[in-house]
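Coordinates in review
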Amino acid sequence: MIARWDCLEVQQMEELMENQLSRETERHLIDHIDECPKCQALMEKLSAGCKELAVLKQSTEQDTGTYGPAFFQAMERLKGESSEQEITVQLGPEEKELLGFLQESRNPELLGRFGRYEVFEMIGRGGMGILLKARDPLLDAIVAVKVLNPHLAPSATARMRFIREARAAAAITHNNVIRIHGVAERDGLSYLVMDFIPGKSLEERILEAEPLNLAEILRIGMQVALGVDAAHSQGVIHRDIKPGNILLENGLDRVKITDFGLAQVVDEEGLTQSGLIAGTPGYMSPEQAQEETVDYRSDLFSFGSLLYAMCTGAPPFRGKTSIAVIRRVCDEEPTPIHNLNPTIPDWLVDVIARLHRKNPDDRFKSAGEVADILRRHLAKIQHPGPVSPPGSSLPEIGSRKKRKRPAGTKAERKPNSRIRQWWRRATLIVRDFLNRFQAKS
Amino acid sequence: MDQFPLTRASLLFRLRDRRDSLAWSEFVEVYAPLVYQYARNHGVQDADAADVTQEVLRTCSHNLQKFQYDRNRGKFRSWLFTVVRTRLSNYRKSQYRHPQGRGDSEFSKHLEQFPAPMEDEEEQWVHEYQMRLFQWAATRIRSEFRRKTWRAFELTALEGKAPKDVAERLKMSVGAVYVAKTRVLKRIRTCVEKIDAESLEDFQ
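Everything in this summary refers to the structure shown in the same document. (Residues numbered from 1 in each chain as written. Chains lettered and ligands numbered in written order. Predicted model: local features only at pLDDT ≥ 70, side-chain atom pairs only at ≥ 80, totals over all residues. Heavy atoms only, no water.)

Side note on the overall build of chain B
On a plain count of helices and strands, chain B comes out with ten helices and zero strands. Helices and strands in chain B line up, N terminus first, as α-α-α-α-α-α-α-α-α-α. Looking at chain B as a whole, 53% of its 204 residues qualify as buried. A total accessible area of about 10,300 Å² is found for chain B, and carbon and sulfur atoms account for 48% of it. (Helix = DSSP H or I, 4+ residues; strand = E, 2+ residues; numbered from the N terminus. Buried < 20%, exposed > 50% of the residue type's maximum accessible area, 1.4 Å probe, protein only. Areas by Shrake-Rupley, 256 points an atom, 1.4 Å probe, with all protein chains shown as cover.)

Concerning the sheet that holds strand E9 (residues 255-257) of chain A
All names here are of chain A. Spatial ordering of the open sheet is given by E7-E8-E9, a layout of three strands whose pairing is antiparallel. Of all the strands in the sheet, the pair left with one neighbour each is strand E7 (199-201) and E9. Taken over all neighbouring pairs, the strand axes of this sheet differ in orientation by 30 degrees on average, direction set aside. Lying on the sheet, helix H9 (residues 214-233) is in contact with strand E8 (246-249) and E9; it crosses E9 at an angle near 35 degrees. (Pairing = 2+ DSSP bridges. Axes fitted to C-alpha atoms, helices over the stretch in contact; angles between N-to-C directions. Contact = heavy atoms within 4.5 Å.)

Notes on the pairing of strand E6 (residues 189-195) of chain A
All names here are of chain A. Of all seven residues that make up E6, seven are buried, and the element is covered over most of its length. Sheet topology note: the strand E4 (residues 141-148)/E6 ladder contains five bridges and is antiparallel. Its bridge partner being in E6, lysine 146 is matched across the sheet by leucine 192. In this sheet, E6 lies alongside strand E5 (residues 180-186) in antiparallel orientation, the contact comprising six bridges. Opposite arginine 186, over in E6, you have leucine 189 as the bridge partner. If you look at the hairpin formed by E5 and E6, you'll find two residues sitting between the two strands, and aspartate 187 has a positive phi there, around 45 degrees.

A closer look at the sheet that holds strand E2 (residues 117-125) of chain A
All names here are of chain A. Reading across from one edge, E1-E2-E3-E4-E6-E5 is the order of the six strands in this open sheet, with antiparallel pairing throughout. Only two strands of the sheet have a single neighbouring strand rather than two, namely strand E1 (112-114) and E5. Neighbour to neighbour, the strand axes of the sheet diverge by 40 degrees on average, direction disregarded. Sheet topology note: the strand E3 (residues 129-136)/E4 ladder contains eight bridges and is antiparallel. Residue pairing across strands places arginine 135 opposite isoleucine 142, the latter belonging to E4.

Remarks on the pattern of salt bridges
Applying the stated rule across the entire model yields 25 salt bridges over all chains. Arg179(A) serves as the salt-bridge partner of Asp195(A), at 3.3 Å between the closest nitrogen and oxygen. In this pair, Asp195(A) sits in strand E6 while Arg179(A) sits in the loop between helix H7 (156-170) and E5, placing the two residues 16 residues apart along the sequence. Among the residues examined, Asp195(A) registers a relative accessible area of 18% and is labelled buried. Between Glu210(A) and Arg142(B) there is a salt bridge, with the nearest N and O atoms lying 3.4 Å from each other. With Glu210(A) in the loop between helix H8 (202-207) and H9 and Arg142(B) in the loop between helix H6 (121-141) and helix H7 (147-158), this pair bridges two chains. Residue Glu210(A) is classed as partly exposed on the basis of its relative accessible area, which comes to 43%. Judged by relative accessible area, Arg142(B) falls into the partly exposed class, the value being 22%. (Salt bridge = Lys/Arg side-chain N within 4 Å of Asp/Glu carboxyl O.)

Structural notes on the packing of aromatic side chains
All names here are of chain B. Throughout the structure, instances matching the rule amount to 20 aromatic pairs over all chains. Aromatic side chains tyrosine 31 and phenylalanine 76 sit 5.6 Å apart centroid to centroid with 70 degrees between the ring planes, which places their arrangement in the edge-to-face category. Taken together, the residues span a long stretch of sequence, with tyrosine 31 in helix H2 (residues 21-41) and phenylalanine 76 in helix H4 (residues 76-97) at a distance of 45 residues. Of the two residues, tyrosine 31 and phenylalanine 76, both sit in the buried class. With centroids separated by 6.1 Å and ring planes inclined at 85 degrees, the aromatic side chains of tyrosine 38 and phenylalanine 81 adopt a geometry described as edge-to-face. Residue tyrosine 38 is located in helix H2, and its partner phenylalanine 81 is located in helix H4; the two are separated by 43 residues in the primary sequence. Residue classification places tyrosine 38 among the buried positions, given a relative accessible area of 2%. (Phe/Tyr/Trp six-rings, centres within 6.5 Å; stacked < 30°, edge-to-face > 60°.)

Overview of the interface of chain B and chain A
Contact residues are listed per partner, giving 50 residues for chain B and 48 residues for chain A. Counting the surface lost from both chain B and chain A, the interface buries some 4,600 Å², and carbon and sulfur atoms represent 60% of this. The tally of links between chain B and chain A comes to four salt bridges. A salt bridge links Glu14(A) to Lys186(B), with the nearest nitrogen and oxygen atoms 3.0 Å apart. There are 14 residue pairs in polar contact (both at pLDDT 80 or more) connecting chain B and chain A. Secondary structure elements with two or more residues in the side of chain B that touches chain A: H2, helix H3 (46-65), H6, H7 and helix H9 (174-195) of chain B. Ranked by residue count, the leading element in the side of chain B that touches chain A is H9(B), at twelve residues. (Buried area = accessible area lost by both parts, 1.4 Å probe. Polar contact = N/O pair within 3.5 Å; in protein donor to acceptor, adjacent residues only side chain to side chain.)

Some points on the nonpolar core
Buried together is how nonpolar side chains tend to be arranged in soluble globular proteins. The biggest cluster of nonpolar side chains holds 59 residues, and the ones touching the most others in it are Val224(A), Phe303(A), Met310(A) and Leu348(A). Top element by residues in this core is H9(A). It accounts for ten residues. Dropping the residues within four chain positions of it, Leu348(A) is found in contact with Leu214(A), Ile217(A), Leu218(A), Cys311(A) and Leu374(A). Listed in part, the 57 residues of the second largest apolar core include Cys60(B), Leu88(B), Val126(B) and Leu158(B). (Core = buried A, V, L, I, M, F, W, Y, C linked by side-chain atoms within 4.5 Å.)

Dropping the structure here:
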């Protein structure tokens, strides 16, 4: 314990700067610095010289410059050159096992082949399977190939289901939904071919230090709502709306939703074997978490959580374990947005609160309805003026024609037994454990 | 003993190993924008500036692997500057040989965009070089910190606000503001050091 009046030694200060002290000691030291001008001065002196600060300051103020398209091409080409120098792409033992299904290729630039696809690299892996960047020589196009983890669909029925779901998703044609080229099976592996979107996920964007501004939140939110709405009207429920499934295309203000309906594919067999469950606890709806009736309104809840995460930088329901998260999803209200980000306007807070209603009947009637609200407010920011009368922040319910939902989207009830719930919780724990070892997909 | 008194972790050292593709792509990320911008600021258009950038970086890769960059002969950034200048002047010469169908008057105007080297040219280069390093480091480490910590750093270190005011504004203790500022700075320094420790010597 350090008494309040003890001034810090240089060594201690270095340790403090490098974050090497226990919380307890840290707190004591900070309390001391708080009141000791001598230590404050010493810290200033240690942290950096004036000249260094000046350069840093200029570098942050400096215009990042203009970069033409040739520059980005050159960057890509240059970065690829180090692997060209190697004889083959080197894989770790773990990756070798994962990618063991690829056929060898004589081209050293390729990881291998998968059917007619020339595989460049593995761009992601998750519980569901792995994602490859490949070239389709027939279309001469770069595509993303998602190969379903064989443990997830061990039976022919499960694989059939994957194919059925993927076909339904492939039928969605919308600007904000990733385009699926096809789905097929090869050597007992189910796979899905879709557009390759260069860019980052919304999850990565949220993790950046620069918070999203209101216009960005509305622009992204509106597009997600539109994509979800398009899917719903085709009878497809996403079931796993979360920032990791939203892609932000490089250099364009365009958003693409991926993995439509795939969360459902993982059935009981897969579940018991891999510890994977449909949906991501932090973004699940209460009905999904409790395995009650799930319909398109479950996506609305998850969409509310997505908006919340964009506004505050973190998902609304958090906890150390999946079980704790699920308990919060089901029984608790998230921390008020204004506590975390006071700049979010009241109307948006209200929209999110309504998406977050525990009872699906109390949520919005459709994703399209939310898209309209977001669009209206986005227009107001971009072209300030009397677009709509002030105060009409929440929409008049029913102003939009109530759209009839196709029968397929409604309710699929599953038997709700204690054993199933127990299993669910057990698998959540396993998944929690697995997730720590798995790279983000 | 070691002709390259670079720490094992330093980027230039790692680049000697051809299999370290991570080091190479980091090198590209740090230096390609610097070289490209330098060329653009000297009147070279996008496509040509990209070509010059590629040539310069390839030369670096080649020489670093063959140990032809010798630290005793000067700092890395000066060596890099020589490479950049040489490439730029080669580019100018090739422009002269293939003036791409430009009219004479237009071409002489083009030549005027390349002033003769001036004494402070290297000084300017060093400045841009340092800025690029810090800019890269700051962008790179930013996500390691909580928003509030970063904001405290920005307000104190970059905007020169008094820690007491910042503490009030961000609802932190003054001590915490000091710690935030110094921690971020320290991290930036470490990051720059890994890329090019020589450049930190300027600030000692």
